[in-house]
Amino acid sequence: MKLHEYQSKDLLAKYGVVVPGGRVAKNAADAQSIAEEYGGKVVVKAQVLMGGRGKAGGVKLFDNAAEAGTFAGELIGKRLVSIQNPAGMVVEQVLVAELVDIAEEYYLSVLLDRAAQKLLVMISREGGMEIEEVAEKNPEAIVRLLVDPVWGLADFEIRDAVSKAHIPGPAQRQMVAMIKSLVRAYIESDADLIEINPVALTPEGKLLAADAKVSLDENAVFRHPEFAATAEDSAEDPLEAEAAQKGIAYVRLGGDIGIMGNGAGLVMCSLDEVNAAGGRPANFLDVGGGASAERVKTCVELVLKDENVKGLLINIFGGITRGDQVAKGILTAFEQLDVNIPVVARIDGTGAEEGLELLKGSKIVGAATMQEAAKRIVELAYA
Ligand code: GDP
Ligand code: MN
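This report concerns the structure included in the present document. (Residues numbered from 1 in each chain as written. Chains lettered and ligands numbered in written order. Predicted model: local features only at pLDDT ≥ 70, side-chain atom pairs only at ≥ 80, totals over all residues. Heavy atoms only, no water.)

### Remarks on the packing of helix H9 (residues 264–276) against helix H13 (residues 370–381)
Orientation of H9 relative to H13, taken along the N-to-C sense of each, is 50 degrees, at an axis distance of 9 Å. As the angle between them shows, H9 and H13 are arranged oblique. Crossing handedness for the pair H9 and H13: right-handed. In this structure, H9 contributes Leu-266, Cys-269, Ser-270, Glu-273 and Val-274 to the contact, and H13 contributes Met-370, Gln-371, Ala-374 and Val-378. Tallied by class, residues from the contact of H9 with H13 come to six nonpolar, two polar and one charged. (Axes fitted to C-alpha atoms, helices over the stretch in contact; angles between N-to-C directions. Helix = DSSP H or I, 4+ residues; strand = E, 2+ residues; numbered from the N terminus. Parallel < 35°, antiparallel > 145°, perpendicular 65-115°, else oblique. Left-handed = near helix turned anticlockwise from the far one by under 90°. Contact = heavy atoms within 4.5 Å. Nonpolar A, V, L, I, M, F, W, Y, C, P; charged D, E, K, R; others polar.)

### Considerations on the coordination of the manganese ion (ligand 2)
Summarising the metal site, the manganese ion (ligand 2) is bound by the protein donors Asn-197 (O) and Asp-211 (OD), whose distances to it range over 2.1 to 2.2 Å. Here Asn-197, found in strand E10 (residues 191–201), pairs with Asp-211, found in the loop between strand E11 (207–209) and strand E12 (213–216); they are 14 residues apart in sequence, far enough to count as distant. You can call Asn-197 buried: its relative accessible area is 14%. (Donors = N, O, S within 2.8 Å, 3.2 Å for Na, K, Ca; no water. Buried < 20%, exposed > 50% of the residue type's maximum accessible area, 1.4 Å probe, protein only.)

### Brief notes about the site of ligand 1
The local shell around ligand 1 holds 15 residues, among which Lys-45, Arg-53, Gly-54, Val-100 and Glu-105 are the closest. Taking Gly-54, its main chain carries an N or O atom lying 2.7 Å from an oxygen atom of ligand 1. Between ligand 1 and Glu-105, the relevant distance is 2.5 Å, taken from an oxygen atom to a side-chain nitrogen or oxygen of the residue. Counting only elements with at least two residues in the shell around ligand 1, the list comes to strand E2 (41–46), strand E3 (59–63) and E10. Looking at the shell around ligand 1 residue by residue, the classes come out as eight nonpolar, three polar and four charged. (Near = heavy atom within 4 Å. Polar contact = N/O pair within 3.5 Å; in protein donor to acceptor, adjacent residues only side chain to side chain.)

### Considerations on the packing of aromatic side chains
Within this structure, the stated rule accounts for one aromatic pair. Ring geometry for Phe-62 against Phe-71: centres 5.5 Å apart, planes inclined by 45 degrees, an arrangement best described as tilted. With respect to burial, Phe-62 and Phe-71 carry one shared label: buried. (Phe/Tyr/Trp six-rings, centres within 6.5 Å; stacked < 30°, edge-to-face > 60°.)

### A closer look at the pairing of strand E6 (residues 94–98)
Counting buried positions along E6 gives four out of five residues, so the element sits mostly inside the fold. In the sheet, strand E1 (residues 22–25) pairs with E6 via four bridges, with the strands oriented antiparallel. Across the sheet, residue Arg-23 finds its bridge partner in E6, namely Val-96. (Pairing = 2+ DSSP bridges.)

### Regarding the packing of helix H11 (residues 323–335) against helix H12 (residues 352–359)
Interhelical geometry of H11 versus H12 gives an angle of 25 degrees and a closest axis separation of 7 Å. The orientation of H11 with respect to H12, classified from their angle, is roughly parallel. Helix-helix and strand crossings are classified by hand; for H11 and H12 the assignment is right-handed. Note on element contacts: H12 touches H11 through Glu-354, Gly-355, Leu-358 and Leu-359, opposite Gly-323, Asp-324, Ala-327, Lys-328 and Leu-331. When the residues that make up the contact of H11 with H12 are grouped by side-chain class, the tally is four nonpolar, two polar and three charged.

### Digging into the side chain of Ser-8
By secondary structure assignment, the location of Ser-8 is in helix H1 (residues 5–14). On the accessibility criterion, Ser-8 (0% relative accessible area) is buried. At a separation of 3.1 Å, a polar atom in the side chain of Ser-8 contacts the main-chain amide nitrogen of Val-214. Not counting residues within four places of it along the chain, the set of residues in contact with Ser-8 comprises Leu-3, Ala-212, Lys-213 and Val-214.

### Details of H12
An α-helical segment advances 3.6 residues per turn. Residues three or four places apart therefore align on the same side. When we look at burial in H12, the residues that qualify are Ala-352, Gly-355, Leu-356 and Leu-359. What you see down the axis of H12 is that its buried residues fit within an arc of 95 degrees, all on one side. Exposed residues pointing more than 90 degrees away from the buried face of H12 are listed as Glu-353 and Glu-357. Buried residues in H12 make contact with H11, strand E17 (343–349) and strand E18 (364–367). Positive phi appears at Gly-361, one or two residues downstream of H12, with a value of about 85 degrees. (Arc of directions from axis to C-beta.)

### Looking at unusual backbone geometry
The omega torsion of the bond from Asn-197 to Pro-198 falls at 10 degrees, within 30 degrees of zero and hence cis. Even without glycine at this site, Gln-117 takes up a positive phi of about 55 degrees. As for its placement among the helices and strands, Gln-117 is situated in the loop between strand E7 (104–113) and strand E8 (118–124). Using a relative accessible area of 63% as the deciding quantity, one classes Gln-117 as exposed.

Take a look at the structure:
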């Protein structure tokens, strides 16, 4: 789960990382009044979950609050496209941050080295917007430091790495402190990536995080109720966020055939079958075990919130949950729903015959095999 820059900075500040002051705004007027608090000397930054905002025109420096406000107004609602994200993302809010006078830009990140089973700290003196190029053409300019997750790091190891990265003398101690804060933040908040690019050195010799990117391990978010509000605000897809809140495993896939089934593997097969039949799956959705009418209803409602969906395929394999019970659940759910797109339900396994019998006479088309179901829904949806 990626956090916005402002959320990342808030999190890191709690661990003692020095970040420039700033607040988010959702309109030009708010942006201007925040800029006024800083005497107009601000940087306005699009809060979108993608890299390369600077090059995409999503970051601009100002020395005048009115101009900062105008730019914020232009940016909000605009789709920002970068090399890392060709599809782009719409800007909903901007961070208006105190302008930092930058003499030098460094790079600092913490991530997981799966092969080494350790954390990896990367430090470079060549930070800024060309870091990808540095990694490619001048990889020795990036110093790597492995961190044992149990033992952690000794100060001398960090000092050694910082000095190997040729961070200038006056900034070294602050850099060591920043690395320690980052490693602690990484472990304690179950992050899977923390990146600060640039770490800014001011002409006065002060080190700050001028940008910050934190990504949290989604599977550990349940351990952090403090991130609930953060999660809501940093969701990339509103439907996926809603699903997560309801405890439903849902992934939007961009097609137009809604798909749900019981069990992740079965749903994956359904995606393949729909694809093979010439359809474009709209989503992955695992109903989970049981599939009560209430649950089916919640899931159908969710799938249909995607306006592109032209047809719905339900794929159920009766195991401990009997197919006839599921069929009853589906029928009850659809009685309560106003669905006017074709629906095909494949029911197999325990109680399948009874289940298919129950569907007869309803608007739901029954199918005994997955292939048949996929073929039918594609025919009906694209008719
Ligand atoms: P990114 O392109 O999405 O990584 O966005 P950044 O937050 O890193 O901003 C891009 C670039 O804008 C940075 O590399 C800096 O050169 C510049 N920048 C960002 N904030 C400031 C600031 O407060 N002062 C100055 N002088 N430059 C800044
Ligand atoms: Mn950056």
